[in-house]
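Coordinate inspection notes
Given next are the chains, with one letter for each unit.
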Amino acid sequence: PAPAAARPAAAARVAPRASAAAEAVSVAGKTALIVQNSGGGHGSIGFHLARAFLSLGMEVCLFNAGDESKLSLKPPFNAYGDLRAAGVVIAFGDPAAPGAVAAAFPGRRFDVVVDNNAKKVGDVEEVAKLAAERGAKQMLFVSSAGMYSKSEVLPHVEGDAVKTSAGQYEVEKYLLETVSIPAASFRPQYIIGPLSSKLEYVNYFFDRIVAGVPVPIPGPAELLTSVSHIDDVVGMLVAAVTHPAACENEIFNVASGRFVSLGGFVRMCAKAAGREDSVKIVPFDAKKVEKKSFPFRPQHFITSTAKAEVRLGWSSTKPLQEALNEVFAAYQGTGKTEFPEDQEMLDAAV
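Nothing here was measured: the structure is a model prediction, and the numbers come from that model.

A look at the nonpolar core
Ranked by size, the top nonpolar core spans 43 residues in total, and within it F53, F186 and L312 carry the most contacts. No other element matches helix 8 (residues 230-242), which puts nine residues into this core. One finds Y204, I209, F284 and V289 within the second-largest nonpolar core, a separate group that totals 41 residues.

Some thoughts on unusual backbone geometry
Only a minority of non-glycine residues have a phi that is not negative, and only a minority of peptide bonds are not trans. The peptide bond linking L154 to P155 adopts the cis configuration, its omega dihedral lying at 0 degrees. Tracing the backbone shows P155 in the loop between strand 5 (138-142) and helix 6 (167-177). The omega torsion of the bond from G219 to P220 falls at -5 degrees, within 30 degrees of zero and hence cis. Tracing the sequence through the fold places P220 in the loop between strand 8 (215-218) and strand 9 (224-225). Positive phi is not limited to glycine here, since Y190 has a value of about 50 degrees.

Description of the sheet that holds strand 5
Spatial ordering of the open sheet is given by 3-2-1-4-5-6-11, a layout of seven strands whose pairing is parallel. Of all strands in the sheet, those bounded by a partner on one side alone are strand 3 (89-93) and strand 11 (250-254). Between one strand axis and the next, the sheet turns by 15 degrees as a mean value, whatever way the strands run. As paired strands, strand 1 (residues 31-36) and strand 2 (residues 59-65) are joined by six bridges and run parallel to one another. Within the sheet, the bridge partner assigned to A32 lies in strand 2 and is V60.

Structural notes on the packing of helix 7 (residues 200-211) against helix 9 (residues 262-272)
Where helix 7 meets helix 9, the closest approach of the two axes is 10 Å, and the angle between their N-to-C directions is 65 degrees. At the point where helix 7 passes helix 9, the crossing takes the right-handed sense. Residue-level contacts link Y201, F205, F206 and I209 of helix 7 to F265, V266, C269, A270 and A272 of helix 9.

Definitions and limits used
Residues numbered from 1 in each chain as written. Predicted model: local features only at pLDDT ≥ 70, side-chain atom pairs only at ≥ 80, totals over all residues. Heavy atoms only, no water. Core = buried A, V, L, I, M, F, W, Y, C linked by side-chain atoms within 4.5 Å. Buried < 20%, exposed > 50% of the residue type's maximum accessible area, 1.4 Å probe, protein only. Helix = DSSP H or I, 4+ residues; strand = E, 2+ residues; numbered from the N terminus. Pairing = 2+ DSSP bridges. Axes fitted to C-alpha atoms, helices over the stretch in contact; angles between N-to-C directions. Left-handed = near helix turned anticlockwise from the far one by under 90°. Contact = heavy atoms within 4.5 Å.

See below:
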């Protein structure tokens, strides 16, 4: 079991209940505030979540961290015009700056606040203050499964030991133990899907497969991982909003479908690219490689979503092969045919 210091207060409630999830409540007419980061693995969540909330009849405000003039040149931010056309009110700036989010939406009341930006407590304090002042009844935080400590007992469940030095862990503790608004935290892992602003999770593989060069992966090739399709991440957040009582002060893992080996992931990428018969996989000894260019952890890293399935009635809807087929259909190759950064990995082949 994880030491007490490594457990958020809600960890005592990690075991799924035997009863089925309660019936979803209507959120039509309610207003959501999404605080979105400026890119990276979580970069596309705000866009897709806003669209999902609109489809439920909600009003949506989105405050994006960063400079709009710089961010609007790349996805998903270059698609924000579609959100504005659909009625989403969007502002950019620093969410941690006193009064910045409040000034962007004067007088607006919020029923739900979703923070997909904070990496330390200082990033979320102003947002939590605003949520309380504007009448929010629920606050959701998009955290990260990356905080889990390495373990020999898998898959990771929500009460497992975490790196207590992780900023997102501190944000979870702050929201679940200090803030008066009912809160919940979600820990996704390796997000893929449309309009992603972090393409390394798939492009590492597609680039090499298309170029017809070996694909180095940490050995053994049977190491297991989890990935999260953006549709499943958004689906779980929506399930939390429509099942508020079931997630009050709780933590949930987010991942899509079944676990996959690293070798299997390469072969699935190759199948999506129509190159499954020619792909060459080269496992390497990660302990002999200093430069870490491989996008996934060189270990078993898998998380259980059983708690969300039972408590929220959530289930993964995107099979991995289907997801990779869609991602490759939108893939814009880098044109690279040589990968000198791979030599160290190839030299450590096992």
